[in-house]
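Structural overview for review
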Amino acid sequence: MIFTLVLILIGALLLLVIGINVIQQQKERAEAERRTELARQRAIIDETETVLSCTGMFPCSTNIVLILYKRVQEALSLSVSLGGNQATDYHRRLQDINAQIETLNNGTKQNPSVESFRLPDTDKQILTLVQVLKKLKAILRAEHNKGKIDPTIFAQEEARIDSLQLRINVDSMLSRARSASFMKQYGSSKQMVTKALATLHTIKAMTPNDPFITKKVDEAKILLDEIMGAQKQATPNAPQPKNDDDDIDVLFQPKKKW
């Protein structure tokens, strides 16, 4: 009898230990999932705020700013619910973003034209802007896929980003072509202008009435004539250095659809 009781007690203890281990593992798993989700929301906040900090570099509508603010708002709300050491800070930032969204909703909507856009002065600024526009386009599509953006607004804003990317790409190529021509690197200069013209002619076939494209086609043709004229006057046998694609060309790989 005593032996049976001992076995029962041992069995009960084993079950208790197993139960405690299972509960502990579940708590650890839940905590790990909470930390992972919190890190994901923090990454969303950081990425979106980075894009927001660069909206002054290009014509940005109120709709885009609201989309970005609401993305931060959602991530902050989830971060507050997940708790953690920074819950108080997230709660304060959530209150601030709520106030900013309310101000924008009650204010006059801004929709600046891309015609006012001017290419930044330095290559570093251009590269930053290219990267920001790519992130913004990815965010816009992600939010649209979640059903959080009106289809009309999505189409308008995506077209705006496409137009800005086109302007940066073409203006950058023509600017570097002028610089190469000034340095008497006529081969490289001619190559960049030809590439810009090919891009412009492809887009012109789809949007023949775009004044920017018409203007840049004329500008590129004039520049190409100037380069070829200067090349003829240069020493015929002078070597013409060839430049590899730089970071901006790599970021602007040819697109299948405009």
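Structure shown above.
All of the points below concern the structure found in this document. (Residues numbered from 1 in each chain as written. Predicted model: local features only at pLDDT ≥ 70, side-chain atom pairs only at ≥ 80, totals over all residues. Heavy atoms only, no water.)

Counting its regular elements, the chain contains eight helices and zero strands. Tracing the chain from N to C terminus, the helices and strands come up as α-α-α-α-α-α-α-α. The burial tally for the chain puts 34% of its 258 residues in the buried class. The contacts in the chain between residues at least 6 apart in sequence include a share of 76% that link residues at least 24 apart. Accessible area for the chain stands at about 15,900 Å²; split by element, carbon and sulfur atoms hold 57% of it. (Helix = DSSP H or I, 4+ residues; strand = E, 2+ residues; numbered from the N terminus. Buried < 20%, exposed > 50% of the residue type's maximum accessible area, 1.4 Å probe, protein only. Contact = heavy atoms within 4.5 Å. Areas by Shrake-Rupley, 256 points an atom, 1.4 Å probe, with all protein chains shown as cover.)

Once that is clear, we can look at the pattern of salt bridges. Under the defined criterion, the tally for this structure stands at 17 salt bridges. With a shortest N-O distance of 2.8 Å, Arg34 and Glu31 are connected by a salt bridge. Pair noted here: Arg34 and Glu31 are both in helix H1 (residues 2-53), with a separation of three residues, about one helical turn. When its relative accessible area of 23% is taken as the criterion, Arg34 is described as partly exposed. Judged by its relative accessible area of 29%, Glu31 falls in the partly exposed class. In this structure, the salt-bridge partner of Glu74 is Lys148, at a minimum N-O distance of 2.4 Å. You can see Glu74 sitting in helix H2 (residues 62-82) and its partner Lys148 sitting in the loop between helix H4 (123-145) and helix H5 (151-182), a full 74 residues away along the chain. Taken together, the salt bridges that share partners define one network made up of Glu49, Asp89, Arg92, Arg93 and Asp96. (Salt bridge = Lys/Arg side-chain N within 4 Å of Asp/Glu carboxyl O.)

Tracing the backbone through its elements, the reader meets His144 in helix H4. For His144, a relative accessible area of 24% corresponds to the partly exposed category. With 11 residues separating them in the primary sequence, His144 and Ala155 have C-alpha atoms 9.9 Å apart. Filtering out sequence-adjacent residues up to four positions away, His144 remains in contact with Ile149, Pro151 and Phe154.

Looking now at a nonpolar patch on the surface. A cluster of nonpolar side chains, contributed by Ile2, Phe3, Val6, Leu7, Ile10, Leu14, Leu15, Ile18 and Val22, occupies part of the molecular surface with about 910 Å² of accessible area. Secondary-structure assignment places Val22 in helix H1. (Patch = residues over 30% accessible without salt bridge, like charges linked within 9 Å, V, L, I, M, F, W, Y side chains within 5 Å.)

Once that is clear, we can look at helix H3 (residues 87-106). In this model, H3 (20 residues) spans 29 Å end to end at C-alpha, consistent with the 28 Å of a helix rising 1.5 Å per residue. Where H3 is concerned, the buried positions are Tyr90, Leu94, Ile97 and Ile101. Burial along H3 is one-sided: seen end-on, the buried residues are contained in an arc of 70°. Turned more than 90 degrees away from the buried face of H3 sit Thr88, Glu102, Thr103 and Asn106, all of them exposed. Where H3 is buried, its residues touch H1 and H2. (Expected span 1.5 Å × (residues − 1). Arc of directions from axis to C-beta.)

All right, on to the packing of H2 against H3 then. At their nearest, the axes of H2 and H3 sit 9 Å apart, and the two run at 155° to each other. Judged by the angle between their axes, H2 and H3 are roughly antiparallel. The handedness of the crossing between H2 and H3 comes out as left-handed. Packed against H2, whose contacting residues are Thr62, Val65, Leu66, Tyr69, Lys70, Val72, Gln73, Leu76, Ser77, Ser79 and Val80, the element H3 presents Ala87, Tyr90, His91, Arg93, Leu94, Ile97, Asn98, Gln100, Ile101, Leu104 and Asn105 at the interface. Residue composition of the contact of H2 with H3, by class: 12 nonpolar, eight polar and two charged. (Axes fitted to C-alpha atoms, helices over the stretch in contact; angles between N-to-C directions. Parallel < 35°, antiparallel > 145°, perpendicular 65-115°, else oblique. Left-handed = near helix turned anticlockwise from the far one by under 90°. Nonpolar A, V, L, I, M, F, W, Y, C, P; charged D, E, K, R; others polar.)

In short, shape yes, function no, at least from these values alone.
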